[in-house]
Amino acid sequence: MNINKIQTPCYVLEEDKLLHNIKTFKEALNNRFNNNILGYSVKTNSTPVLLDYINKEGCYAEVVSYHEYSLALSCGFKANRIVYNGPLKNKETFLHAIQNGAYVNIDSKRELDWLCDLPSEGRYSVGLRVNLDLQKISPDDCKDKEDFSRFGFSSENEEFLEALNYIRNLGNVNVRGLHLHRTSKTRSLDLYRNICKYGIKIVEKYHLNLDYLDIGGGYYGDLPGKPTYQDYVDTIADSLSVYFDTSKLTVIVEPGNAIIASPFTFYSSVIDIKNIGSNRVVVIDGSRNDIDPFFHKTDYFKSFIPVQKDRLLIPRQVFVGCTCLENDRLFVLNNHYEVRVGDIIKFSFVGAYTICLSPLFIRYFPRIYVQNGNELLLSREEWTEKDYLQQNVLNS
Ligand SMILES: Cc1ncc(COP(=O)(O)O)c(C=O)c1O
């Protein structure tokens, strides 16, 4: 890529990496399931040009709010290629989704009540999100013993059965699927083995006759030493085949991070250098908000452009972001070549839970480019105060 063509700070979406991830995940699914759906988790990164690729590559959109549902429709997904999850549905989009063939996984009691507003002459299908208690189903994946999931209906008490009975009593709605999403920090294969086992237990206990199981997201991307997409799919297929005819069952997966972390890179320029005590402080035009909005990370996949080895070695350089937050400090370089104003830092693997979580703090949203071979296209212009002011009404 010709680095001179970009204006920092910016993200670059590399088309070939995105297409590779989608193709490899789809191949893994096709190897084991005749009927499968790759439902990309829109919340992980909802950049419109990305959703356009996802749609054109034949993936579904997995959405978790009425805004995301409408966004998916606006970006070209047909309703019957949407998986609609989460507690932030509204009645209008919920009813629209069910009537237009989306996979709708009910998460709460208020959604059960909305089912009564479906036209009575029709026949409808929904899924139910199962509350997954890691301590019970997969203790090795549960780091915090106090932890519990707040989503879905628990079959450890009466709530799941009540939801099921509520739907059965309606007469015109059928439960055709279960939503079994649960992430854990381990992202282990055992987690998926245990989730599948638990799903089967529920199907047996309540005598369910299902079309689909939605196993959710939470997979590693293509990282050395970690399970591959095929490892995950094989684990799921082997675990489900104990009970299901996997040539008939539809399996849905909802990867976010595994698809989109690696295709996005963030570029930021050094804009100032100052010396404070023994620290050489390097200020960049990006911020932790751009690449680590939870402020959790202690280091980044990073490289420097250009790396000019004729420079002095500096004992300690502290890299800080452009905001006025004291803790907007990114990393420290010890005994490294001197970094100067104008140098560019490239942060890799930043596509997941970054762009969609960046606040409008001090500086507005940065540019997004798409790299397509040698071509670089500007997909989102930098936001200005005009974009910030939209939908606002001033007093005078
Ligand atoms: C319901 C649901 N599906 C899919 C995902 C995507 O998870 P990941 O990005 O870890 O694959 C999430 C993330 O929390 C989720 O809540």
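Residues numbered from 1 in each chain as written. Predicted model: local features only at pLDDT ≥ 70, side-chain atom pairs only at ≥ 80, totals over all residues. Heavy atoms only, no water.

1. Quick word on the domain arrangement of the chain
If you check the domain split of the chain, you get domain 1 (3-11 + 262-389) and domain 2 (15-259). When each unit is reduced to the centre of its C-alpha atoms, the spacing between domain 1 and domain 2 is 35 Å. Counting residues at the interface gives 15 residues for domain 1 and 16 residues for domain 2. Among the residues domain 1 hides against domain 2, the three largest losses belong to Ser262, Pro263 and Tyr353. Together they make up 35% of the total. (Domains from an automatic or database assignment. Contact = heavy atoms within 4.5 Å. Buried area = accessible area lost by both parts, 1.4 Å probe.)

2. Observations concerning the site of the ligand
Around the ligand, the structure places 16 residues, and the nearest of them are Gly218, Glu254, Gly256, Asn257 and Tyr353. A distance of 2.8 Å is found between an oxygen atom of the ligand and a backbone nitrogen or oxygen belonging to Gly218. One of the side-chain nitrogen or oxygen atoms of Tyr353 is found 2.5 Å away from an oxygen atom of the ligand. Considering the ligand on its own, with 400 Å² of exposed area, one finds that the protein chains cover 88% of that surface. Split into classes, the residues belonging to the shell around the ligand amount to 3 nonpolar, 9 polar and 4 charged. (Near = heavy atom within 4 Å. Polar contact = N/O pair within 3.5 Å; in protein donor to acceptor, adjacent residues only side chain to side chain. Areas by Shrake-Rupley, 256 points an atom, 1.4 Å probe, with all protein chains shown as cover. Nonpolar A, V, L, I, M, F, W, Y, C, P; charged D, E, K, R; others polar.)

3. With respect to the environment of Ile236
Mapped onto the secondary structure, Ile236 falls in helix α9 (residues 229-240). Under the relative-accessibility criterion, Ile236 is labelled buried at 2%. Taking the C-alpha atoms as reference points, Ile236 and Ala261, separated by 25 residues in sequence, lie 23 Å from one another. (Helix = DSSP H or I, 4+ residues; strand = E, 2+ residues; numbered from the N terminus. Buried < 20%, exposed > 50% of the residue type's maximum accessible area, 1.4 Å probe, protein only.)

4. Observations regarding the nonpolar core
Residues Phe25, Leu115, Leu128, Phe160, Leu178, Leu240 and Phe347 are the most contacted members of the largest nonpolar core, which totals 102 residues. In terms of domain composition, this core takes at least three residues from each of domain 1 (3-11 + 262-389) and domain 2 (15-259). If we ignore the near neighbours within four places in the chain, the residues touching Leu128 are Asn105, Ile106, Phe153, Phe160, Ala163, Leu164, Ile167, Val175, Gly177, Leu178 and His179. Among the nonpolar cores identified, the runner-up in size contains 8 residues, and Ile6, Tyr267, Tyr369 and Leu376 belong to it. (Core = buried A, V, L, I, M, F, W, Y, C linked by side-chain atoms within 4.5 Å.)

5. What about the sheet that holds strand β7 (residues 173-179)?
The pairing of strands in a sheet comes from backbone hydrogen bonds and takes either a parallel or an antiparallel form. Read around the closed barrel, the 8 strands follow the order β2-β3-β4-β5-β6-β7-β8-β9; overall the barrel is parallel. Here the average twist between neighbouring strands, direction ignored, is 30°. As judged from the 4 bridges shared by strand β2 (residues 35-41) and strand β9 (residues 250-253), these two strands associate in the parallel manner. Following the sheet pairing, Asn35 is matched in β9 by Thr250. (Pairing = 2+ DSSP bridges. Axes fitted to C-alpha atoms, helices over the stretch in contact; angles between N-to-C directions.)

6. Quick look at the packing of aromatic side chains
Here a ring pair, both rings aromatic, is described through the centre-centre distance and the interplanar angle of the planes. Taken as a whole and judged by the stated rule, the model has 22 aromatic pairs. For the ring pair Tyr11 and Phe266, a centre distance of 4.9 Å and an interplane angle of 55° mean the geometry is tilted. Of the two residues, Tyr11 is situated in strand β1 (residues 10-14) and Phe266 in strand β10 (residues 264-276); the sequence distance between them amounts to 255 residues. Seen in terms of ring centroids, Phe266 and Phe347 are 6.4 Å apart; in terms of plane orientation they differ by 40°. Their pairing is tilted. Here Phe347 lies in strand β15 (residues 344-348) and Phe266 lies in strand β10, a separation of 81 residues in the sequence. Its relative accessible area of 0% is what places Phe266 among the buried residues. (Phe/Tyr/Trp six-rings, centres within 6.5 Å; stacked < 30°, edge-to-face > 60°.)

7. Some details on the pattern of salt bridges
This structure, assessed with the given rule, holds 22 salt bridges. Across the salt bridge formed by Asp117 and Lys91, the nearest N and O atoms sit 2.6 Å from each other. Of this pair, Asp117 sits in the loop between α5 (109-114) and β6 (124-129) while Lys91 is found in helix α4 (residues 91-99), placing the two residues 26 residues apart along the sequence. In this structure, a network of salt bridges that share partners links the residues Arg32, Asp234 and Asp238. (Salt bridge = Lys/Arg side-chain N within 4 Å of Asp/Glu carboxyl O.)

8. Quick word on the packing of helix α1 (residues 15-32) against α9
Packing of α1 against α9 leaves a shortest axis separation of 9 Å and a crossing angle of 25°. Between α1 and α9, the angle falls in the class roughly parallel. When the axes of α1 and α9 are compared, the crossing they make is right-handed. The segment α1 lies against α9, with Asn21, Thr24, Phe25, Glu27, Ala28, Leu29, Asn31 and Arg32 engaging Tyr229, Gln230, Val233, Asp234, Ala237 and Asp238. When the residues that make up the contact of α1 with α9 are grouped by side-chain class, the tally is 6 nonpolar, 4 polar and 4 charged. (Parallel < 35°, antiparallel > 145°, perpendicular 65-115°, else oblique. Left-handed = near helix turned anticlockwise from the far one by under 90°.)

9. Quick look at the pairing of strand β13 (residues 313-320)
In the sheet, strand β11 (residues 279-284) pairs with β13 via 4 bridges, with the strands oriented parallel. Bridge pairing links Val281 to Val318 in β13. Relative to strand β14 (residues 329-337), β13 runs antiparallel, the two sharing 7 bridges. What sits directly across from Arg316, in β14, is Asn334.

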